[in-house]
Structure formats: C-alpha cells, structure tokens
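Observations on the three-dimensional arrangement
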Amino acid sequence: MKSISPLPLQAPFDHPAIRDQFPALKQTLGDHPLCYLDTAATSQKPQAVIDTMNEYYQLNNANVHRAAHQLSARATSQYEAVRQQVGHFINAAKPQEIIFTHGTTESINMVAYGLTAQLQANDIILIDTAAHHANIVPWQELAKRTGAIIKPIPLTANAQLDLTAYEQLLQSKPKLVALCHVSNALGTVNPINDLIAQAKNAGALTLVDGAQAIAHLDIDVQRIDCDFYVFSGHKMYGPTGVGILYGRFGQLDALTPMLTGGEMIKTVSFDRTEYGEVPNRLEAGTPAIAEVIGLGAAITFLQGLPRQDIAAHEQQLMAYLQQQLLSLGDITLYGIADNPLQNNIGSVAFNLANEHHQDVGILLDQQAVAVRCGHHCAMPLMSDLNLAGCCRASIGIYTNKQDIDQFIHALITVKELLL
Amino acid sequence: MTQISATNTPESQLFISLPAELSTAVTQIEQAKNWQEKYRHIMLLGKQLPTLADEFKQADAQVKGCESQAWLYHHQHNGQHFYLADSDARIVKGLIAILLVATQGKTTEQISQFEVTQYFDTLGLSGQLSPSRTNGLNALAEAIKRHAKESVT
Ligand SMILES: Cc1ncc(COP(=O)(O)O)c(C=O)c1O
C-alpha cells in the first residue's frame, strides 16, 4: 500500500514538468493541440490520480468499515487516511470534521437539509448574488420547508459583493449566511475572512462555497472561521464523484442526516434505531471509495508542488489573459475590480461585441479551444449583470502561455468571422 | 395549424417554401474548403431565413436543450409541412436553416424518412448534431420530425 505522507518535500518550480503529468492535455483535436481553458468546470487529472485509482481497483478493492478481512482493512485505512489528509490540507481542527460527499452540490444540500429543524418561519438567509445555483436552490428548498426568507446580498456595479449593503443586511440578524469564496462565473474573490467575521458577530451560521477556491488558494478553515466549507474533488485535479463537507464539529453533530441507511447507524431495530457518530452518521451507504483515495492522491500531488510559485504563475497568466483579451478590442470583461490584476482567480468572463456567446463558443471549439459559454449556473448573477450569458476562460495549474496565445489567436479568427 | 399551444401563432401565409438559393447555399457548405468557410456559409444561410417577429418568440414555441434561444412553429398545408424557426445565435440559426432546407414543404412520409445524421455527415457537420451539444440542433431535428408525425390526421 502506498503511504500518504502529510507533507511531501516540495520540488523546485518546473512548470513544463507539472504540465507533463496531465495526459489529457497531450492530445490534438483535428489540426490543433487541445487548448483546455475550462478548468473551472472540471480540472484535468494528473497521472498520479489516475494511477492511484487504478491501483485501488487492481489491488485493494473492498468495502470500507465492514469486513474483518485484509482487503477491507486496507481499503478502510486508505480511505480514513484521506480524511486526515483533507483535514490537514484545509486545517480542520480534527479529521471528524471532514465528511465525504459526492461534491459541492451534495455538501450544500446536506447542510440545507440538516438545518431544517434549526430554522423557523421568518428566519433570514443571506445569499451571495454571485452564487452558483448549487448555493441557491438548496436554500430555497430550506426556506420552503421552514418559512425562512431568502435575501440576496447585492453586488456593486463591477460585480463585487456590496459591503455596505452586506452590513445593512446583517443588521436584520440573519440565521444563515451563504457565500462563495471565488465566483465560478467571474473569478471574483470575496474578502472571506472579514465577511465571515461580520456574519459571526451578527450571530449567523456561515457556509462558504469553496468549489472555485480550493485549487487556487491555501485554505485554512479555522482562520476563515466559517461553520461550513464545501468543495468538489474534480475541480482540484481529483476525480469526479467525491466532494467535501467541512463543518465545525458541533455544527455537523447538530445536522439531521439527509441520507439514512447502512454505515450511519449504531443499532437498528424495528422499535428504535440509533444513529452512529459523526462523520459516519453523515456518510450513509457505501461511499465513493476509489474517488476518495483518488482525491488523496490529488492532494498529495498539490502538496508536492511549490504553491507560492504556482499561485504566482497563475496570477501572471490571469493578468496576461486579461491584457491580451482587452488588446483584441471589442471585448467586454465582467467582474473586474479597480485593480483587475489582483482581483480575479481562475476565471475570466467576457463577451465579444454583441455576438452570442454560443456562436463564439462554437467557433472556438472548431479550433480546439475549450471554454464555457452560457449562464454558468449563475442565472441570478447573469440577470444582475443584464446578460443572457457570457464566455468564460478558466485556467489551472497546467495552463501555460501557449494556451493563452492559442486562445487569443483563435479568438482573432472568431472575430474575423463574426464581426 | 397543428398543436402549437402558443397563444399567439404566426399566420399561415407566413409558412412558405424556401427560396431555391438556399439549397445552393447548403451545397456551398458541403463543398467549403475549410471550417472557416463552412461556418461563414452557415451564417450566410441563416441570414436568408426569415426572422420571427418578437411577439412570436414565446416560451411555448421554444426548443429545449439549447443554450441559445430557438423557436419553432409548424404548419401543415395540403399534406406538406412548413416550419418557421429562429434563434438568437447566428450559427444556430444557420444550422436550423440547413434543417429547414431539407424538410420545408415535404410530406409526412418524406420527413419521417429523412436521415438527419446522414445529412449532417455529408455536410461535414456531424459533430454539431450530437445530443450532448448545447446548440439544441438535435432537439430541433426531433421537434421537426415530431410535429410532422403528430399532425397526421
Ligand atoms: C462555485 C461553485 N459551486 C458549486 C458548484 C457545483 O459543484 P459540483 O457540480 O461539483 O457539485 C460549482 C461547480 O460547477 C461551482 O463552481
């Protein structure tokens, strides 16, 4: 069995060597090398993640927490080691604060469902206007069940969270505040530590959607001081089908389980069933074992890289991408703060003149450029910006200058065709 | 007029045969030297399709599965089927026009026998027809066939 060391030695920054570990990026589509600028939708996976999952299926496949045999013991210890590893990675107070889910969506649903008994009619829930639908709809359902009231936190003209309005809304003593750390549609970043501190002062429970932050920023949940922090494995170079619900232990312990059944119980009889302890209580059924172990490999991969250098590399690329887009002309960027170069992470949202984002997307696709064109699962944000949709180019750890150049070159061709 | 549930539907005289030039334009798409030329012709073709007045851009007529918006109306006359369609995206509108060139004024039987996949293959556009695409073309093709089939009296 591969042992997972919590903090592997960091190698010096060698970007081509990092990119080289992502087999999917080596392909060509038609006459063009694949230019993958859709990492915000899902990231590509390094060889180590693929190999680890393969190895699990070839050598260690067994159900966890169940059998007395060796294979099950191996699978269980690998699975539980990842819980510890995730705990270290985001600096949770203890591993029991890490719940494995199927992704951000499920994590938020579990919290929204689990809080039902704690909310009452007319309780207020504040939601970031820039939120992904996954951080809106579960709260709407919670509001339907409890009679709670949802209030969107408005954005400023350049799509940043409106801090003045936020302060005012907090005076209404919301029961819960749901924020995104980094917006998936625009790449805008919330000053999360301050926002959470203010919400806490107002007595609110807090959830942070970190789906777009986890691959780019160092996350310390104790410093952020939120009650819940959620993210998906597949956006951080790990597999699909696994996500994390971090919660302060007491808050997790107070959640009503959304799923019940095997694994989550202590005793079952037809008279009375007693639930087990957190984390198992919130992990009913057979979990995504291979995916959890794959996620562990993704974290090991990330921890083996010099994150400062990666962050600097990504920031340079973002600045280059924004500059190149603007120098094309006829391009509108969205969600750019006064100091654009420091304020967006991962994603750049744009439209080409008045052209439909889908036309732009189809023509970029002809040139093997993968970007996302649409409403980005953030329809309230799009309507706030008065847009039917937009295109989004998003970068990852493997993205290089050639990708940006290929993209810009392709966009010049699109412009020639459309304008 | 068949089962178009929109409260406000275009008058029947708007459903007309398409000008013959459109068939020529489809041939140009087929023979295009490169993808740029292909898509340029697709957009030109789309331009030749009549536009739907805003009042007809209704939710009831909207084709689902499309990232852009697309609307489709159907009218049957003397055993022939006629369509009116539009989209707010230019390439999608061109792709719709390609579909209409093959189906406008055709009989129920001709439409039921129309091989959409093969047609788009010949044009070198098979990728665009996949149901996994968000251009809605597959849904449009299905709606065209469904309208013809369901209107049989
Ligand atoms: C900010 C944000 N929240 C939530 C989600 C939903 O994540 P998942 O689909 O992995 O559950 C996404 C991904 O699209 C996202 O970007």
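Reading guide: rules and limits
Residues numbered from 1 in each chain as written. Chains lettered and ligands numbered in written order. Predicted model: local features only at pLDDT ≥ 70, side-chain atom pairs only at ≥ 80, totals over all residues. Heavy atoms only, no water. Helix = DSSP H or I, 4+ residues; strand = E, 2+ residues; numbered from the N terminus. Rg over C-alpha atoms; globule rule 2.2 N^0.38 Å. Buried < 20%, exposed > 50% of the residue type's maximum accessible area, 1.4 Å probe, protein only. Contact = heavy atoms within 4.5 Å. Areas by Shrake-Rupley, 256 points an atom, 1.4 Å probe, with all protein chains shown as cover. Pairing = 2+ DSSP bridges. Axes fitted to C-alpha atoms, helices over the stretch in contact; angles between N-to-C directions. Left-handed = near helix turned anticlockwise from the far one by under 90°. Nonpolar A, V, L, I, M, F, W, Y, C, P; charged D, E, K, R; others polar. Expected span 1.5 Å × (residues − 1). pLDDT = per-residue confidence, 0-100. Salt bridge = Lys/Arg side-chain N within 4 Å of Asp/Glu carboxyl O. Near = heavy atom within 4 Å. Polar contact = N/O pair within 3.5 Å; in protein donor to acceptor, adjacent residues only side chain to side chain. Buried area = accessible area lost by both parts, 1.4 Å probe. Domains from an automatic or database assignment.

Quick look at the overall build of chain A now. Counting its regular elements, chain A contains 15 helices and 17 strands. For chain A, the C-alpha radius of gyration of 22 Å lies close to 22 Å, the compact-globule estimate for 419 residues. Once the C-alpha set of chain A is aligned to its principal axes, its extents read approximately 70 × 55 × 35 Å. Split into buried and exposed, the 419 residues of chain A put 58% on the buried side. Pairs at least 24 apart in sequence give 72% of the contacts found in chain A among residues at least 6 apart. Of the roughly 16800 Å² that chain A leaves accessible, carbon and sulfur atoms contribute 51%.

All names here are of chain A. On the basis of which strands lie adjacent, the open sheet formed by 4 strands has the order β13-β14-β17-β16 and antiparallel pairing. One side of each edge strand has no neighbouring strand; the edge strands of this open sheet are β13 (331-334) and β16 (372-374). Put simply, the sheet's adjacent strands are angled 30° from each other on average, direction ignored. Bridge analysis of strand β14 (residues 347-352) against strand β17 (residues 390-394) gives 4 bridges, and the strand direction is antiparallel.

Turning to the packing of helix α15 (residues 401-418) of chain A against helix α2 (residues 35-48) of chain B, a few remarks are in order. The N-to-C vectors of α15(A) and α2(B) enclose an angle of 35°; their axes lie 10 Å apart at closest approach. As α15(A) runs across α2(B), the sense of the crossing is right-handed. Within the contact between the two elements, α15(A) uses T413(A), E416(A), L417(A) and L418(A) and α2(B) uses W35(B), Q36(B), R40(B) and M43(B). Looking at the contact of α15(A) with α2(B) residue by residue, the class counts come to 4 nonpolar, 2 polar and 2 charged.

The end-to-end C-alpha distance of α15(A) is 25 Å, a good match for the 26 Å that 18 residues give at a rise of 1.5 Å each. By the burial criterion, the buried members of α15(A) are D403(A), I404(A), Q406(A), F407(A), I408(A), A410(A), L411(A), T413(A), V414(A), K415(A), L417(A) and L418(A).

Across chain A, the average pLDDT comes to 95, with 96% of residues at 70 or higher. Predicted confidence for residues 1-6 of chain A stays below pLDDT 50, and this span has 12 contacts to residues more than four positions away or in other chains.

This brings us to the pattern of salt bridges. Using the criterion set out here, one finds 20 salt bridges over all chains in the structure. Among the ionic pairs, R83(A) bridges to E80(A), the shortest N-O distance being 2.8 Å. Taken together, the residues R83(A) and E80(A), both in helix α3 (residues 70-89) and 3 residues apart, mark about one turn of the helix. Taking the shortest distance from any N to any O, the salt bridge between K33(B) and E37(B) comes out at 3.1 Å. In the salt-bridge network here, residues are joined through shared partners; they are K200(A), D225(A), D227(A) and R248(A).

Here the focus is the site of the ligand. All names here are of chain A. If you check the shell around the ligand, you find G103, T104, T105, H132, A134, N184, D209, A211, Q212, S232, H234 and K235 and nothing else. Between an oxygen atom of the ligand and a side-chain N or O atom of S232, the distance comes to 2.6 Å. Contact with the protein chains covers 83% of the free accessible surface of the ligand, which is 390 Å². By residue class, the composition of the shell around the ligand is 2 nonpolar, 8 polar and 2 charged.

By convention, interface size is frequently given as the accessible area that disappears when the constituent parts associate. Residue-level contacts link 16 residues of chain B with 17 residues of chain A. Regarding the contact of chain B and chain A, the summed buried area is about 1400 Å², with carbon and sulfur atoms giving 54% of it. Considering only the side of chain B, the residues that lose the most area to chain A are W35(B), E67(B) and R90(B), jointly responsible for 42% of the buried surface there. Where chain B meets chain A, there are 2 salt bridges. The partner of D365(A) in a salt bridge is R133(B), with the nearest N and O atoms 2.8 Å apart. Linking chain B to chain A there are 8 residue pairs in polar contact (both at pLDDT 80 or more). Among the secondary structure elements, those contributing two or more residues to the side of chain B that touches chain A are α2 and α3 (90-103) of chain B. With 5 residues, α2(B) is the single largest residue contributor to the side of chain B that touches chain A. Taken together, the residues of the side of chain B that touches chain A break down into 6 nonpolar, 5 polar and 5 charged.

Another point: the sheet that holds strand β2 (residues 80-87) of chain B. Residues and elements named next belong to chain B. Read from one edge to the other, the open sheet built from 3 strands follows the order β1-β2-β3, with strand pairing classed as antiparallel. Because the sheet does not close on itself, it has two edges, and the strands there are β1 (70-77) and β3 (106-107). Bridging between β1 and β2 involves 8 bridges; their strand directions are antiparallel. Following the sheet pairing, H77 is matched in β2 by Q80. Along the sheet face, helix α6 (residues 137-150) touches β1 and β2 and points at about 25° away from the line of β1.

Moving on: the side chain of N351(A). Residues and elements named next belong to chain A. By the element assignment, N351 lies in strand β14. Owing to a relative accessible area of 6%, N351 belongs among the buried residues under this scheme. Looking at N351, its side chain comes within polar contact range of the main-chain oxygen of G389, at 3.1 Å. Excluding residues within four positions of it along the chain, N351 makes contact with D330, I331, T332, Y334, H357, L387, G389, C390 and C391.

Moving on, we get to the domain arrangement of chain A. Residues and elements named next belong to chain A. Domain boundaries in chain A define domain 1 (15-41 + 306-418) and domain 2 (52-303). On a C-alpha basis, the centroid separation for the pair domain 1 and domain 2 is 28 Å. Across the boundary between the two partners, domain 1 contributes 33 residues, which contact 30 residues of domain 2. Contact with domain 2 buries surface across domain 1, with R307, I345 and L381 losing the most and accounting together for 28% of the total. The tally of links from domain 1 across to domain 2 stands at 1 salt bridge. Note that R307 is salt-bridged to D218, the shortest N-O span being 3.2 Å. In this assembly, domain 1 and domain 2 are joined by 16 residue pairs in polar contact (both at pLDDT 80 or more). Among the elements of the structure, α11 (307-328), β14 and α14 (379-384) are those that each provide at least two residues to the side of domain 1 that touches domain 2. Broken down by element, the residue count for the side of domain 1 that touches domain 2 peaks at 5 residues, all from α14.

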